[in-house]
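Close look at the chain arrangement
The residues making up each chain are set out below.
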Amino acid sequence: MDFVERAKIRMEHWITHNDHHQEEYEMLAEQLEEAGKKESAHFLREMIELSSRSNVCLKKALRGLEHSR
């Protein structure tokens with residue numbers, strides 16, 4: 001397996017991993033809101049948005065690898 005194939009596998013793993021964490025973060029944000037910790041929930045949701053944007057970049061990088069062949 002060459003370097004590019006390994007890079008694709010790593011990026012695919014990171015995307016899936018990030019998606020899983022985002023689900024956990026959202027559940028925690030909901031729980032924080034229910035506990036009256038709205039400010040903490042707000043910042044957690046801000047982090048969720050940043051994580052989502054990082055996945056967009058990973059997906060673009062992955063597409064770039066797929067189109068470079």
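The coordinates are above.
This write-up is about the structure you can find in this document.

The rules behind these values
- Residues numbered from 1 in each chain as written.
- Predicted model: local features only at pLDDT ≥ 70, side-chain atom pairs only at ≥ 80, totals over all residues.
- Heavy atoms only, no water.
- Helix = DSSP H or I, 4+ residues; strand = E, 2+ residues; numbered from the N terminus.
- Rg over C-alpha atoms; globule rule 2.2 N^0.38 Å.
- Buried < 20%, exposed > 50% of the residue type's maximum accessible area, 1.4 Å probe, protein only.
- Contact = heavy atoms within 4.5 Å.
- Areas by Shrake-Rupley, 256 points an atom, 1.4 Å probe, with all protein chains shown as cover.
- Lys, Arg positive; Asp, Glu negative; His and termini not counted.
- Charge placed at Lys NZ, Arg CZ, Asp CG, Glu CD.
- Core = buried A, V, L, I, M, F, W, Y, C linked by side-chain atoms within 4.5 Å.
- Axes fitted to C-alpha atoms, helices over the stretch in contact; angles between N-to-C directions.
- Parallel < 35°, antiparallel > 145°, perpendicular 65-115°, else oblique.
- Left-handed = near helix turned anticlockwise from the far one by under 90°.
- Nonpolar A, V, L, I, M, F, W, Y, C, P; charged D, E, K, R; others polar.

1. Section: the overall build of the protein
Across its full length, the protein carries two helices and zero strands. For 69 residues, the compact-globule estimate of 2.2 N^0.38 gives 11 Å, and the C-alpha radius of gyration of the protein, at 16 Å, exceeds that figure by more than 25%. Taken along its principal axes, the extent of the C-alpha atoms in the protein is 50 × 15 × 10 Å. By the burial criterion, 22% of the 69 residues in the protein qualify as buried. Intrachain contacts of the protein at a sequence separation of at least 6 include 64% that bridge at least 24 residues. Carbon and sulfur atoms provide 57% of the accessible area of the protein, an area that totals close to 5,400 Å². Across the protein, the centroid of the 11 positively charged side chains sits 7 Å from that of the 14 negatively charged ones.

2. Description of the nonpolar core
Grouped together as the largest cluster of nonpolar side chains are six residues: Ala7, Met11, Ile15, Leu58, Leu62 and Leu65. For this core, the secondary-structure elements that each account for two or more residues are helix 1 (3–34) and helix 2 (38–67).

3. Notes on the packing of helix 1 against helix 2
The interhelical angle for the contact between helix 1 and helix 2, taken along N-to-C directions, is 165°, at an axis separation of 9 Å. Relative to helix 2, the element helix 1 is oriented roughly antiparallel. In terms of crossing hand, the pair formed by helix 1 and helix 2 is left-handed. Its residues assigned to classes, the contact of helix 1 with helix 2 comprises 17 nonpolar, seven polar and ten charged.

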